[in-house]
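# Architecture and fold: a report
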Amino acid sequence: YALQYVKEQSEAVCLEAVKHDGDALQYVKEQSEAVCLEAVKQDGYALRYVKEQSEAVCLEAVKQYGYALRYVDKRVFKIKVVKKG
């Protein structure tokens, strides 16, 4: 990934890189919501590189690649477990 060699990364450069290959997100120094969203739209598996997950990014990742669910930070969704009985 050429992005790893770019010292001064602009958001526009990062967006183009992740649009081409979502895994380039691992080399983005300053992750924005927009960059992360584009990365997971291209490849839901890129969720594993998202530093600050949001509900929107997680949902998009899982829509694109169902198995990305394993990388969803449980704190993003407030899930209440209810025991029966």
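Residues numbered from 1 in each chain as written. Predicted model: local features only at pLDDT ≥ 70, side-chain atom pairs only at ≥ 80, totals over all residues. Heavy atoms only, no water.

### Some remarks on the confidence of the model for the protein
Our working rule: pLDDT expresses, on a scale from 0 to 100, how confident the predictor is about each individual residue. Only runs of H or I of at least four residues qualify as helices and only runs of E of at least two qualify as strands under DSSP, and these elements are numbered from the N terminus.
Here the protein averages 92 in pLDDT, and 92% of its residues register 70 or above. Mean pLDDT across the secondary structure elements of the protein bottoms out at helix α3 (residues 55-64), with 95, and peaks at helix α2 (residues 33-42), with 98.

### Quick notes on the pattern of salt bridges
How we decide: In the sections that follow, a salt bridge refers to a side-chain nitrogen of Lys or Arg positioned within 4 Å of a carboxyl oxygen of Asp or Glu.
One pass over the structure, following the stated rule, counts 4 salt bridges. A salt bridge links Glu-60 to Lys-63; the shortest N-O distance between them is 3.6 Å. Taken together, the residues Glu-60 and Lys-63, both in helix α3 and 3 residues apart, mark about one turn of the helix.

### Thoughts on the environment of Lys-63
Here is the rule: Relative accessibility under 20% of the residue-type maximum defines a buried residue, over 50% an exposed one, and the middle range a partly exposed one, all with a 1.4 Å probe and only protein chains included.
Residue Lys-63 is classed as exposed on the basis of its relative accessible area, which comes to 65%. Spatially, the C-alpha atoms of Lys-63 and Val-76 are 16 Å apart, while their sequence positions differ by 13 residues.

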